[in-house]
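# Per-entry structural report
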Amino acid sequence: MSTATPTTTSTEERPATSGPTETGSPIVPLLGKIALYLLMALVALAAIVPVYWLLISSLKPSAEVHHFPPEWFPMPWTWELRNYVDAWHAAPFGRLYINSIVFAVVGSALEICVAVLSAYAFAFLRFPAKNVVFMVFLGAMMVPGTVVLLPNYLTVAGLGWVNSYAGLIVPGLGSVFAMFLLRQHMRTLPIEVSEAARVDGASHLRILWSIIVPMSRPMVVTVVIISLVQKWNEFIWPLIVTTTDTMRTLPVGLLMLKSDEGYTNYGVVMAASVFVVVPVLVVFFFAQRQIIAGLTAGATKG
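For clarity, every value in this text was computed on a predicted model and none was experimentally measured.

## Quick notes on the overall build of the protein
- When helices and strands are tallied, the protein shows 14 helices and zero strands.
- Moving toward the C terminus, one meets the helices and strands of the protein in the order α-α-α-α-α-α-α-α-α-α-α-α-α-α.
- When the 302 residues of the protein are sorted by exposure, 32% land in the buried category.
- Long-range pairs, those at least 24 residues apart, make up 74% of the contacts in the protein between residues at least 6 apart in sequence.

Structure (structure tokens):
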């Protein structure tokens, strides 16, 4: 008779019944979000406060503009619209607007055409010493704009372009910054597209305007807006190359509001500054999505 060997039942391993795995205190991410929102609020204030001060100062009498401490929320609120009327009549703003529009629009259009052509050449064409030439162009970005003011003026004066639209526009046609942005973006585009077009017999200009430019539309729009704003706000070059009020631009026209006796009505100056700032704000408001899309284009490409 065999005796049954008692089987030792091993205790089954039970899954750990501990609570959810802690990945970190929830307070740390919350503090990070709060710090991020505070930083964003400070950056927004740094951009909004000067514009707000410009607007409320344009609606104040000159004496209240100099009031210390400054009144951020004047009580009672007074609408000194007379400042805008006086500012409009103090300088030929109608003519100044025309000059600024021609300078900014025509100058930016020609500048972008040159930038697109040169960017395509550096991105897709092969020619001797291409990298060396490109590095020379990048080196030109390091040269301050004030260094070339005198050579540009002497060239313009020698051509007889002083106090003309040609003198305003032509020296600024070559933008290394615009070319660099467009070239870097074009290098992220698939090379197979342009090669297929070349096999089908398309010329370089056809490939550029029919394929590359449409694919680069966000970046092109971004470069156009940057160029427009830069030329609209340009002060030094229009001041040097123009000699009469009929050719001045808006930033230079603000100097006409300064009194020779040393007294300046800053309420009127602030109102005139609104004339200069508002078009730029309107352009940025309608094109901000294109700017963001252009600056982030190709950022995730490996």
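## Focus: unusual backbone geometry
- The phi angle at Ala129 is positive, at roughly 60 degrees, despite the residue not being glycine.
- Within the secondary structure layout, Ala129 lies in the loop between α4 (93–124) and α5 (130–141).
- Notably, Asn163 is not glycine yet its phi reads approximately 65 degrees, a positive angle.
- Within the secondary structure layout, Asn163 lies in the loop between α6 (149–159) and α7 (165–169).

## Brief notes about the packing of aromatic side chains
- Applying the stated rule across the entire model yields 11 aromatic pairs.
- Ring plane angle 20 degrees and centroid distance 6.0 Å describe the contact between Trp88 and Phe93, whose orientation is recorded as stacked.
- When its relative accessible area of 40% is taken as the criterion, Trp88 is described as partly exposed.
- Each residue in the set Tyr84, Trp88, Phe93, Tyr97, Trp232 and Phe275 is aromatic and connected to the rest through ring pairs, giving one cluster.

## Details of the side chain of Asn99
- One can find Asn99 in helix α4.
- Overall, Asn99 belongs to the buried group, its relative accessible area being 0%.
- The contacts of Asn99, once residues within four sequence positions are left out, are Tyr165, Asp245, Thr246, Met247, Arg248 and Thr249.

## Some words on the packing of helix α9 (residues 191–199) against helix α10 (residues 204–215)
- Taken N-terminus to C-terminus, the directions of α9 and α10 make an angle of 150 degrees; their axes are 10 Å apart at the nearest point. In terms of orientation, α9 lies roughly antiparallel with respect to α10. Of the two elements, α9 crosses α10, and the hand of that crossing is right-handed. Residue-level contacts link Val193, Ser194, Ala197 and Arg198 of α9 to His204, Ile207, Ile211 and Met215 of α10.
- For the contact of α9 with α10, the per-class residue count stands at five nonpolar, two polar and one charged.

## Quick word on the pattern of salt bridges
- Using the criterion set out here, one finds two salt bridges in the structure.
- The partner of Arg82 in a salt bridge is Asp86, with the nearest N and O atoms 3.1 Å apart. Here Asp86 and Arg82 lie together in helix α3 (residues 82–90), a separation of four residues that amounts to about one turn.
- Judged by its relative accessible area of 52%, Arg82 is exposed.
- Two residues, Lys231 and Glu111, come together in a salt bridge whose shortest N-O distance is 3.1 Å. On the criterion of sequence distance, the pair formed by Lys231 in helix α11 (residues 217–232) and Glu111 in helix α4 is long-range, its members being 120 residues apart.
- Overall, the relative accessible area of 5% leaves Lys231 in the buried class.

## Remarks on a nonpolar patch on the surface
- Side chains of Ile27, Leu30, Leu31, Ile34 and Leu38 sit close together on the surface and give an oily, nonpolar patch of about 490 Å² of accessible area.
- Position of Leu30 among the secondary structure elements: in helix α1 (residues 27–58).

## Some thoughts on the nonpolar core
- With 26 residues, the main nonpolar core has Val116, Tyr120, Leu182, Met186, Leu208, Ile212 and Val223 as its most contacted residues.
- Elements represented by at least two residues in this core include exactly α4, α5, α8 (176–186), α10 and α11.
- Residues Trp53, Phe93, Tyr97 and Val276 belong to the second largest nonpolar core, which totals 23 residues.

The rules behind the values
Residues numbered from 1 in each chain as written. Predicted model: local features only at pLDDT ≥ 70, side-chain atom pairs only at ≥ 80, totals over all residues. Heavy atoms only, no water. Helix = DSSP H or I, 4+ residues; strand = E, 2+ residues; numbered from the N terminus. Buried < 20%, exposed > 50% of the residue type's maximum accessible area, 1.4 Å probe, protein only. Contact = heavy atoms within 4.5 Å. Phe/Tyr/Trp six-rings, centres within 6.5 Å; stacked < 30°, edge-to-face > 60°. Axes fitted to C-alpha atoms, helices over the stretch in contact; angles between N-to-C directions. Parallel < 35°, antiparallel > 145°, perpendicular 65-115°, else oblique. Left-handed = near helix turned anticlockwise from the far one by under 90°. Nonpolar A, V, L, I, M, F, W, Y, C, P; charged D, E, K, R; others polar. Salt bridge = Lys/Arg side-chain N within 4 Å of Asp/Glu carboxyl O. Patch = residues over 30% accessible without salt bridge, like charges linked within 9 Å, V, L, I, M, F, W, Y side chains within 5 Å. Areas by Shrake-Rupley, 256 points an atom, 1.4 Å probe, with all protein chains shown as cover. Core = buried A, V, L, I, M, F, W, Y, C linked by side-chain atoms within 4.5 Å.

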